[in-house]
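So you can see what is in the structure, the chains are spelled out below.
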Amino acid sequence: MKILITGSNGLLGQKLVEIFSNDSNVDLIATSRGGNRLNEGNYAYHDLDVTKEEDVHKIINQYSPHAVIHTAAMTNVDKCEDEKDNCYDLNVNATKYIVEACEKASCFLLHISTDFIFDGNNGPYDENAEPNPINYYGETKLEAEKLVTSSTLNWAIARTVLVYGQAQDMSRSNIILWVKDNLEKGKALKLVTDQLRSPTLAEDLAQGCKLIVEQKAEGIFNVSGDELLTPYEMAIITADFFKLDKNLISAVDGSTFQQRAARPLKTGLLVDKMKKLLGYQPRKLNEGISILTK
Ligand SMILES: NC(=O)C1=CN([C@@H]2O[C@H](COP(=O)(O)OP(=O)(O)OC[C@H]3O[C@@H](n4cnc5c(N)ncnc54)[C@H](OP(=O)(O)O)[C@@H]3O)[C@@H](O)[C@H]2O)C=CC1
Ligand SMILES: Cc1cn([C@H]2C[C@H](O)[C@@H](COP(=O)(O)OP(=O)(O)O[C@H]3O[C@@H](C)C(=O)[C@@H](O)[C@H]3O)O2)c(=O)[nH]c1=O
(Lines give C-alpha, C1' and ligand atoms only; values in the text may rest on other atoms or scores of the structure.)
(Ligands and ions follow the chains in the order given, each with its own letter.)
Protein backbone atom coordinates (compact mmCIF):
# COMPACT_ATOMS: atom_id res chain seq x y z
CA MET A 1 0.00 0.00 0.00
CA LYS A 2 1.36 3.44 -0.96
CA ILE A 3 0.75 6.02 1.78
CA LEU A 4 1.50 9.77 1.69
CA ILE A 5 1.69 11.79 4.94
CA THR A 6 1.47 15.58 5.21
CA GLY A 7 3.18 17.42 8.09
CA SER A 8 5.65 14.54 8.55
CA ASN A 9 8.04 16.76 10.58
CA GLY A 10 5.40 17.17 13.29
CA LEU A 11 4.82 15.23 16.49
CA LEU A 12 2.22 12.90 14.96
CA GLY A 13 3.92 12.98 11.55
CA GLN A 14 7.21 11.68 12.95
CA LYS A 15 5.47 8.79 14.73
CA LEU A 16 3.59 7.92 11.54
CA VAL A 17 6.88 7.83 9.61
CA GLU A 18 8.37 5.55 12.29
CA ILE A 19 5.43 3.16 12.33
CA PHE A 20 4.90 2.91 8.55
CA SER A 21 8.56 2.91 7.44
CA ASN A 22 9.00 -0.28 9.48
CA ASP A 23 6.11 -1.96 7.66
CA SER A 24 7.24 -3.95 4.62
CA ASN A 25 3.73 -3.76 3.14
CA VAL A 26 3.88 0.04 3.00
CA ASP A 27 5.53 2.27 0.40
CA LEU A 28 5.77 5.55 2.37
CA ILE A 29 6.03 9.12 1.08
CA ALA A 30 6.65 11.59 3.91
CA THR A 31 6.03 15.27 3.11
CA SER A 32 6.36 18.43 5.14
CA ARG A 33 7.15 22.11 4.71
CA GLY A 34 10.91 22.58 4.27
CA GLY A 35 13.65 20.01 4.78
CA ASN A 36 13.16 16.59 6.37
CA ARG A 37 13.84 16.78 10.12
CA LEU A 38 13.78 13.02 10.59
CA ASN A 39 16.60 10.55 10.01
CA GLU A 40 16.75 8.82 6.65
CA GLY A 41 14.92 5.55 6.53
CA ASN A 42 12.80 3.22 4.45
CA TYR A 43 10.66 6.04 3.01
CA ALA A 44 10.80 8.82 0.43
CA TYR A 45 10.71 12.45 1.57
CA HIS A 46 9.29 15.31 -0.45
CA ASP A 47 9.18 18.96 0.58
CA LEU A 48 5.49 19.93 0.31
CA ASP A 49 3.92 23.16 1.54
CA VAL A 50 0.23 22.19 1.58
CA THR A 51 -0.89 25.82 1.24
CA LYS A 52 0.48 25.73 -2.31
CA GLU A 53 -2.47 24.34 -4.28
CA GLU A 54 -0.48 23.51 -7.41
CA ASP A 55 2.19 21.64 -5.44
CA VAL A 56 -0.44 19.59 -3.62
CA HIS A 57 -1.98 18.48 -6.92
CA LYS A 58 1.46 17.86 -8.47
CA ILE A 59 2.75 15.65 -5.64
CA ILE A 60 -0.44 13.63 -5.16
CA ASN A 61 -0.77 13.17 -8.91
CA GLN A 62 2.91 12.18 -9.19
CA TYR A 63 2.77 9.53 -6.45
CA SER A 64 -0.98 8.62 -6.70
CA PRO A 65 -0.99 7.06 -3.22
CA HIS A 66 -3.67 4.57 -2.09
CA ALA A 67 -4.08 6.66 1.09
CA VAL A 68 -3.22 10.15 2.34
CA ILE A 69 -2.94 10.99 6.06
CA HIS A 70 -3.36 14.75 6.41
CA THR A 71 -1.75 15.93 9.67
CA ALA A 72 -0.32 19.34 8.65
CA ALA A 73 -2.06 22.19 10.48
CA MET A 74 -1.50 25.35 12.48
CA THR A 75 -1.59 23.81 15.94
CA ASN A 76 -0.64 26.78 18.11
CA VAL A 77 -4.14 27.58 19.36
CA ASP A 78 -3.24 31.01 20.72
CA LYS A 79 -1.40 31.98 17.54
CA CYS A 80 -4.52 31.02 15.53
CA GLU A 81 -6.43 33.81 17.31
CA ASP A 82 -3.84 36.41 16.28
CA GLU A 83 -3.07 35.10 12.79
CA LYS A 84 -6.53 34.18 11.52
CA ASP A 85 -5.62 34.44 7.82
CA ASN A 86 -2.61 32.12 8.16
CA CYS A 87 -4.65 29.78 10.33
CA TYR A 88 -7.50 29.65 7.79
CA ASP A 89 -5.08 29.18 4.89
CA LEU A 90 -3.34 26.22 6.51
CA ASN A 91 -6.22 24.56 8.36
CA VAL A 92 -8.99 25.09 5.78
CA ASN A 93 -7.68 26.06 2.32
CA ALA A 94 -4.90 23.44 2.39
CA THR A 95 -7.43 20.78 3.41
CA LYS A 96 -9.54 21.80 0.39
CA TYR A 97 -6.54 21.27 -1.90
CA ILE A 98 -5.80 17.87 -0.31
CA VAL A 99 -9.46 16.79 -0.68
CA GLU A 100 -9.62 17.87 -4.33
CA ALA A 101 -6.29 16.23 -5.20
CA CYS A 102 -7.38 13.00 -3.47
CA GLU A 103 -10.72 13.06 -5.36
CA LYS A 104 -8.79 13.29 -8.66
CA ALA A 105 -6.43 10.46 -7.65
CA SER A 106 -9.26 8.44 -6.00
CA CYS A 107 -7.26 7.89 -2.85
CA PHE A 108 -8.50 7.20 0.67
CA LEU A 109 -8.13 10.24 2.96
CA LEU A 110 -7.55 10.09 6.72
CA HIS A 111 -7.91 13.61 8.10
CA ILE A 112 -6.74 14.46 11.63
CA SER A 113 -9.05 16.58 13.78
CA THR A 114 -9.52 17.67 17.37
CA ASP A 115 -11.67 17.85 20.52
CA PHE A 116 -11.50 21.63 20.12
CA ILE A 117 -14.44 21.48 17.70
CA PHE A 118 -16.54 21.12 20.90
CA ASP A 119 -17.48 23.83 23.41
CA GLY A 120 -16.47 21.76 26.45
CA ASN A 121 -19.81 22.19 28.23
CA ASN A 122 -20.57 18.49 28.53
CA GLY A 123 -17.58 16.32 27.65
CA PRO A 124 -16.33 13.67 27.28
CA TYR A 125 -17.72 13.28 23.75
CA ASP A 126 -18.52 10.38 21.45
CA GLU A 127 -18.36 10.52 17.63
CA ASN A 128 -21.99 11.73 17.34
CA ALA A 129 -21.68 14.76 19.63
CA GLU A 130 -22.72 18.17 18.27
CA PRO A 131 -19.66 20.40 17.49
CA ASN A 132 -19.65 23.99 18.72
CA PRO A 133 -16.11 25.45 18.68
CA ILE A 134 -15.22 28.34 21.00
CA ASN A 135 -11.89 29.39 19.49
CA TYR A 136 -10.70 30.13 15.97
CA TYR A 137 -8.49 27.05 15.78
CA GLY A 138 -11.53 24.91 16.55
CA GLU A 139 -13.64 26.78 13.98
CA THR A 140 -11.08 26.13 11.23
CA LYS A 141 -10.72 22.46 12.15
CA LEU A 142 -14.52 22.03 12.06
CA GLU A 143 -14.67 23.73 8.65
CA ALA A 144 -11.93 21.37 7.46
CA GLU A 145 -13.96 18.37 8.68
CA LYS A 146 -16.93 19.58 6.64
CA LEU A 147 -14.77 19.74 3.49
CA VAL A 148 -13.88 16.07 4.07
CA THR A 149 -17.37 14.81 4.96
CA SER A 150 -18.98 16.62 1.98
CA SER A 151 -16.43 15.20 -0.49
CA THR A 152 -16.91 12.20 -2.83
CA LEU A 153 -13.92 10.50 -1.17
CA ASN A 154 -13.66 7.34 0.87
CA TRP A 155 -12.69 9.20 4.00
CA ALA A 156 -12.03 8.85 7.72
CA ILE A 157 -11.58 11.52 10.37
CA ALA A 158 -9.49 10.77 13.46
CA ARG A 159 -10.23 13.19 16.29
CA THR A 160 -7.68 13.38 19.10
CA VAL A 161 -6.84 15.34 22.27
CA LEU A 162 -3.78 16.89 23.95
CA VAL A 163 -1.10 14.82 22.17
CA TYR A 164 2.11 14.30 24.12
CA GLY A 165 5.42 12.68 23.25
CA GLN A 166 9.06 13.16 22.42
CA ALA A 167 10.08 13.82 18.82
CA GLN A 168 13.09 15.19 16.95
CA ASP A 169 13.59 18.92 16.54
CA MET A 170 10.02 19.69 17.62
CA SER A 171 8.38 22.91 16.46
CA ARG A 172 6.21 23.00 19.61
CA SER A 173 6.31 21.38 23.04
CA ASN A 174 3.50 19.49 24.74
CA ILE A 175 2.15 19.47 28.26
CA ILE A 176 4.13 16.49 29.62
CA LEU A 177 7.52 17.67 28.26
CA TRP A 178 6.71 21.25 29.28
CA VAL A 179 5.96 20.22 32.89
CA LYS A 180 9.03 17.93 33.07
CA ASP A 181 11.42 20.55 31.62
CA ASN A 182 10.15 23.34 33.90
CA LEU A 183 10.19 21.25 37.09
CA GLU A 184 13.72 20.11 36.27
CA LYS A 185 14.67 23.81 36.12
CA GLY A 186 12.96 24.37 39.50
CA LYS A 187 10.31 26.64 37.97
CA ALA A 188 6.94 27.06 39.72
CA LEU A 189 3.93 26.09 37.58
CA LYS A 190 0.22 26.86 37.81
CA LEU A 191 -1.99 24.08 36.38
CA VAL A 192 -5.74 24.27 35.98
CA THR A 193 -8.15 21.95 37.74
CA ASP A 194 -11.28 22.98 35.80
CA GLN A 195 -10.37 21.50 32.42
CA LEU A 196 -10.86 17.83 31.52
CA ARG A 197 -8.87 16.07 28.79
CA SER A 198 -8.04 12.55 27.58
CA PRO A 199 -4.30 13.03 26.92
CA THR A 200 -2.99 11.02 23.97
CA LEU A 201 0.44 9.44 23.50
CA ALA A 202 1.64 10.31 19.97
CA GLU A 203 2.62 6.66 19.38
CA ASP A 204 -0.90 5.49 20.26
CA LEU A 205 -2.42 8.08 17.92
CA ALA A 206 -0.13 6.86 15.12
CA GLN A 207 -1.15 3.24 15.83
CA GLY A 208 -4.81 4.25 15.70
CA CYS A 209 -4.23 5.96 12.33
CA LYS A 210 -2.52 2.78 11.07
CA LEU A 211 -5.52 0.65 12.10
CA ILE A 212 -7.89 2.99 10.23
CA VAL A 213 -5.78 3.20 7.04
CA GLU A 214 -5.00 -0.54 6.88
CA GLN A 215 -8.73 -1.35 7.00
CA LYS A 216 -9.73 1.79 5.08
CA ALA A 217 -12.30 2.17 7.83
CA GLU A 218 -14.69 5.01 6.94
CA GLY A 219 -16.30 7.61 9.17
CA ILE A 220 -15.41 9.57 12.30
CA PHE A 221 -13.22 7.90 14.95
CA ASN A 222 -12.10 9.19 18.32
CA VAL A 223 -8.46 8.24 18.73
CA SER A 224 -7.19 9.46 22.11
CA GLY A 225 -6.23 8.26 25.54
CA ASP A 226 -9.02 6.71 27.61
CA GLU A 227 -8.25 8.41 30.92
CA LEU A 228 -10.01 11.65 31.87
CA LEU A 229 -7.57 13.93 33.68
CA THR A 230 -7.19 17.62 34.50
CA PRO A 231 -3.96 19.38 33.49
CA TYR A 232 -3.18 19.61 37.22
CA GLU A 233 -3.48 15.82 37.62
CA MET A 234 -1.30 15.31 34.51
CA ALA A 235 1.39 17.54 36.06
CA ILE A 236 1.31 15.63 39.36
CA ILE A 237 1.56 12.27 37.55
CA THR A 238 4.52 13.65 35.54
CA ALA A 239 6.27 14.95 38.68
CA ASP A 240 5.75 11.63 40.48
CA PHE A 241 7.07 9.63 37.53
CA PHE A 242 10.27 11.67 37.18
CA LYS A 243 10.58 12.16 40.97
CA LEU A 244 10.44 15.95 40.63
CA ASP A 245 9.28 18.49 43.23
CA LYS A 246 5.46 18.52 43.33
CA ASN A 247 5.51 21.56 45.61
CA LEU A 248 6.37 23.63 42.54
CA ILE A 249 2.93 22.80 41.11
CA SER A 250 -0.01 24.91 42.24
CA ALA A 251 -3.65 24.29 41.38
CA VAL A 252 -5.49 27.18 39.74
CA ASP A 253 -8.67 27.59 37.71
CA GLY A 254 -9.96 29.75 34.86
CA SER A 255 -10.52 32.67 37.24
CA THR A 256 -6.78 33.18 37.60
CA PHE A 257 -5.39 31.34 34.55
CA GLN A 258 -6.20 33.01 31.22
CA GLN A 259 -4.90 32.10 27.79
CA ARG A 260 -5.19 34.18 24.58
CA ALA A 261 -7.65 31.68 23.07
CA ALA A 262 -10.56 30.30 25.06
CA ARG A 263 -10.18 26.61 25.91
CA PRO A 264 -13.22 24.29 26.09
CA LEU A 265 -13.43 23.22 29.74
CA LYS A 266 -14.62 19.65 29.77
CA THR A 267 -13.62 17.73 26.66
CA GLY A 268 -12.01 14.33 26.43
CA LEU A 269 -13.12 11.84 23.76
CA LEU A 270 -14.74 8.43 24.26
CA VAL A 271 -12.83 5.73 22.34
CA ASP A 272 -15.22 2.75 22.60
CA LYS A 273 -15.82 2.72 18.82
CA MET A 274 -12.08 2.48 18.03
CA LYS A 275 -11.63 -0.24 20.66
CA LYS A 276 -14.59 -2.33 19.51
CA LEU A 277 -14.23 -1.97 15.72
CA LEU A 278 -10.45 -1.81 15.29
CA GLY A 279 -8.96 -3.23 18.48
CA TYR A 280 -7.38 0.09 19.48
CA GLN A 281 -5.82 0.01 22.96
CA PRO A 282 -4.29 3.28 24.23
CA ARG A 283 -1.73 3.41 27.03
CA LYS A 284 -2.45 5.00 30.41
CA LEU A 285 -0.60 8.26 31.05
CA ASN A 286 1.95 6.64 33.37
CA GLU A 287 2.80 4.02 30.74
CA GLY A 288 2.92 6.64 28.00
CA ILE A 289 5.30 8.82 29.98
CA SER A 290 7.59 5.83 30.56
CA ILE A 291 8.34 5.55 26.84
CA LEU A 292 9.29 9.24 26.57
CA THR A 293 12.58 8.57 28.22
CA LYS A 294 13.55 5.75 25.85
N1 LIG B 1 -0.98 18.31 19.28
C2 LIG B 1 -2.18 18.14 19.79
O3 LIG B 1 -2.38 18.22 21.00
C4 LIG B 1 -3.34 17.86 18.90
C5 LIG B 1 -3.21 17.86 17.52
N6 LIG B 1 -4.32 17.63 16.74
C7 LIG B 1 -4.19 17.61 15.28
O8 LIG B 1 -3.21 16.63 14.95
C9 LIG B 1 -2.51 17.03 13.77
C10 LIG B 1 -1.02 16.91 14.02
O11 LIG B 1 -0.74 17.66 15.15
P12 LIG B 1 0.76 17.69 15.74
O13 LIG B 1 1.57 16.62 15.11
O14 LIG B 1 0.67 17.79 17.20
O15 LIG B 1 1.22 19.10 15.16
P16 LIG B 1 2.68 19.68 14.93
O17 LIG B 1 2.53 21.15 15.03
O18 LIG B 1 3.66 18.97 15.76
O19 LIG B 1 2.93 19.24 13.42
C20 LIG B 1 2.32 19.90 12.35
C21 LIG B 1 3.30 19.80 11.22
O22 LIG B 1 2.73 20.44 10.09
C23 LIG B 1 3.80 21.15 9.49
N24 LIG B 1 3.31 22.27 8.68
C25 LIG B 1 2.99 23.51 9.09
N26 LIG B 1 2.64 24.26 8.03
C27 LIG B 1 2.76 23.47 6.93
C28 LIG B 1 2.56 23.66 5.55
N29 LIG B 1 2.15 24.85 5.07
N30 LIG B 1 2.80 22.62 4.71
C31 LIG B 1 3.22 21.43 5.20
N32 LIG B 1 3.44 21.18 6.49
C33 LIG B 1 3.20 22.20 7.35
C34 LIG B 1 4.60 21.68 10.64
O35 LIG B 1 5.87 22.05 10.15
P36 LIG B 1 6.91 22.79 11.09
O37 LIG B 1 7.38 21.73 12.01
O38 LIG B 1 7.97 23.25 10.12
O39 LIG B 1 6.18 23.91 11.76
C40 LIG B 1 4.61 20.51 11.56
O41 LIG B 1 5.69 19.67 11.28
C42 LIG B 1 -3.00 18.44 13.44
O43 LIG B 1 -3.93 18.36 12.37
C44 LIG B 1 -3.69 18.91 14.71
O45 LIG B 1 -4.75 19.81 14.45
C46 LIG B 1 -5.56 17.38 17.27
C47 LIG B 1 -5.73 17.38 18.64
C48 LIG B 1 -4.62 17.58 19.54
C1 LIG C 1 0.71 26.53 29.59
C2 LIG C 1 -0.24 26.03 30.62
C3 LIG C 1 -1.26 25.17 30.25
N4 LIG C 1 -2.13 24.76 31.20
C5 LIG C 1 -3.24 23.84 30.85
C6 LIG C 1 -4.33 24.59 30.11
C7 LIG C 1 -4.32 23.98 28.72
O8 LIG C 1 -5.61 23.71 28.27
C9 LIG C 1 -3.60 22.67 28.90
C10 LIG C 1 -2.79 22.36 27.66
O11 LIG C 1 -1.83 23.36 27.51
P12 LIG C 1 -1.64 24.14 26.13
O13 LIG C 1 -2.42 25.39 26.16
O14 LIG C 1 -0.20 24.17 25.86
O15 LIG C 1 -2.28 23.16 25.07
P16 LIG C 1 -3.47 23.46 24.10
O17 LIG C 1 -3.08 24.55 23.14
O18 LIG C 1 -4.72 23.67 24.86
O19 LIG C 1 -3.49 22.06 23.33
C20 LIG C 1 -4.40 21.92 22.28
O21 LIG C 1 -3.63 21.79 21.11
C22 LIG C 1 -4.45 21.72 19.95
C23 LIG C 1 -3.56 21.50 18.74
C24 LIG C 1 -5.53 20.69 20.06
O25 LIG C 1 -6.03 20.22 19.05
C26 LIG C 1 -6.17 20.44 21.39
O27 LIG C 1 -6.65 19.09 21.47
C28 LIG C 1 -5.21 20.68 22.54
O29 LIG C 1 -4.31 19.59 22.62
O30 LIG C 1 -2.74 22.82 30.03
C31 LIG C 1 -2.04 25.14 32.53
O32 LIG C 1 -2.86 24.74 33.36
N33 LIG C 1 -1.03 25.97 32.90
C34 LIG C 1 -0.12 26.44 32.00
O35 LIG C 1 0.77 27.21 32.37
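Residues numbered from 1 in each chain as written. Chains lettered and ligands numbered in written order. Predicted model: local features only at pLDDT ≥ 70, side-chain atom pairs only at ≥ 80, totals over all residues. Heavy atoms only, no water.

An unreviewed UniProt entry lists the protein chain under the name dTDP-4-dehydrorhamnose reductase, with Aureibacter tunicatorum as the source organism. Recorded under Sequence similarities (unreviewed entry), the UniProt text for the protein chain is reproduced unchanged: "Belongs to the dTDP-4-dehydrorhamnose reductase family." Heading Function (unreviewed entry) of the UniProt record for the protein chain holds this comment: "Catalyzes the reduction of dTDP-6-deoxy-L-lyxo-4-hexulose to yield dTDP-L-rhamnose." (UniProt positions renumbered as here; feature names shortened; annotations may be inferred.)

Caption draft 1: Quick look at the overall build of the protein chain. A tally of regular secondary structure across the protein chain gives ten helices and eleven strands. Taken against the 2.2 N^0.38 rule, which gives 19 Å for 294 residues, the C-alpha radius of gyration of the protein chain at 18 Å falls within 12% of a compact globule. Dimensions along the principal axes, computed over C-alpha positions, put the protein chain at roughly 55 × 40 × 40 Å. Buried positions account for 55% of the 294 residues belonging to the protein chain. In the protein chain, the share of contacts with a sequence separation of at least 24, taken over all contacts with a separation of at least 6, comes to 78%. If you sum the accessible surface of the protein chain, you get close to 12900 Å²; carbon and sulfur atoms cover 45% of it. Put simply, the protein chain has 32 plus and 41 minus side-chain charges, and the middle of one group is 3 Å from the middle of the other. (Helix = DSSP H or I, 4+ residues; strand = E, 2+ residues; numbered from the N terminus. Rg over C-alpha atoms; globule rule 2.2 N^0.38 Å. Buried < 20%, exposed > 50% of the residue type's maximum accessible area, 1.4 Å probe, protein only. Contact = heavy atoms within 4.5 Å. Areas by Shrake-Rupley, 256 points an atom, 1.4 Å probe, with all protein chains shown as cover. Lys, Arg positive; Asp, Glu negative; His and termini not counted. Charge placed at Lys NZ, Arg CZ, Asp CG, Glu CD.)

Caption draft 2: A look at a negative patch on the surface. Taken together, the side chains of Asp 47, Glu 53, Glu 54 and Asp 55 define an acidic patch exposed on the protein surface. The element best represented in the negative patch is helix α2 (residues 53-63), accounting for three residues. Inspection of the secondary structure puts Glu 53 in helix α2. Look at Glu 53 and you get partly exposed, because its relative accessible area is 35%. (Patch = residues over 30% accessible without salt bridge, like charges linked within 9 Å, V, L, I, M, F, W, Y side chains within 5 Å. Salt bridge = Lys/Arg side-chain N within 4 Å of Asp/Glu carboxyl O.)

Caption draft 3: Broad picture of the nonpolar core. Grouped together as the largest cluster of nonpolar side chains are 32 residues, with contacts concentrated most on Val 50, Val 56, Ile 60, Val 68, Ile 98, Cys 102 and Leu 109. Of all the secondary-structure elements, those providing two or more residues to this core are α2, α3 (77-82), α4 (84-105), α5 (136-149) and β6 (155-160). With eight residues, the single largest contributor to this core is α4. When near neighbours in sequence (up to four residues on either side) are disregarded, Val 68 contacts Leu 4, Ile 60, Ile 98, Cys 102, Cys 107, Phe 108, Leu 109 and Leu 110. Core analysis: the next-biggest nonpolar cluster, separate from the first, contains 31 residues, Leu 12, Phe 108, Leu 278 and Tyr 280 among them. (Core = buried A, V, L, I, M, F, W, Y, C linked by side-chain atoms within 4.5 Å.)

Caption draft 4: Summary view of the pairing of strand β2 (residues 27-32). Within β2, five of the six residues are buried, leaving the element largely enclosed by the surrounding structure. As defined by bridge partners, strand β1 (residues 2-6) adjoins β2 across four bridges and the pair is classed as parallel. Within the sheet, the bridge partner assigned to Lys 2 lies in β2 and is Asp 27. Once the chain exits β1 it traverses helix α1 (residues 11-21) before rejoining the sheet at β2, and the crossover so formed is right-handed. Pairing geometry for β2 and strand β3 (residues 44-47), over four bridges, is parallel. Each residue of the ladder has a partner; that of Ser 32, found in β3, is Asp 47. (Pairing = 2+ DSSP bridges. Right-handed = clockwise from strand over helix to strand, strands pointing away.)

Caption draft 5: Highlighting the sheet that holds β6. Taken together, the seven strands give an open sheet; going across it, the order is β3-β2-β1-β4-β5-β6-β10, and neighbouring strands pair in parallel fashion. A strand with exactly one partner marks an edge of an open sheet, and here the two such strands are β3 and β10 (219-222). Geometrically, the sheet is characterised by an average inter-axis angle of 20 degrees between neighbouring strands, direction not taken into account. (Axes fitted to C-alpha atoms, helices over the stretch in contact; angles between N-to-C directions.)

Caption draft 6: Up close: the side chain of Lys 141. Within the secondary structure, Lys 141 sits in helix α5. Lacking a salt bridge, the buried Lys 141 has Glu 145 as its closest oppositely charged neighbour, with an N-O distance of 7.8 Å. Non-local contacts of Lys 141, meaning those with residues more than four positions away in its chain, are made with Ala 73, Asn 91, His 111, Ile 112, Ser 113, Thr 114 and Ile 117.

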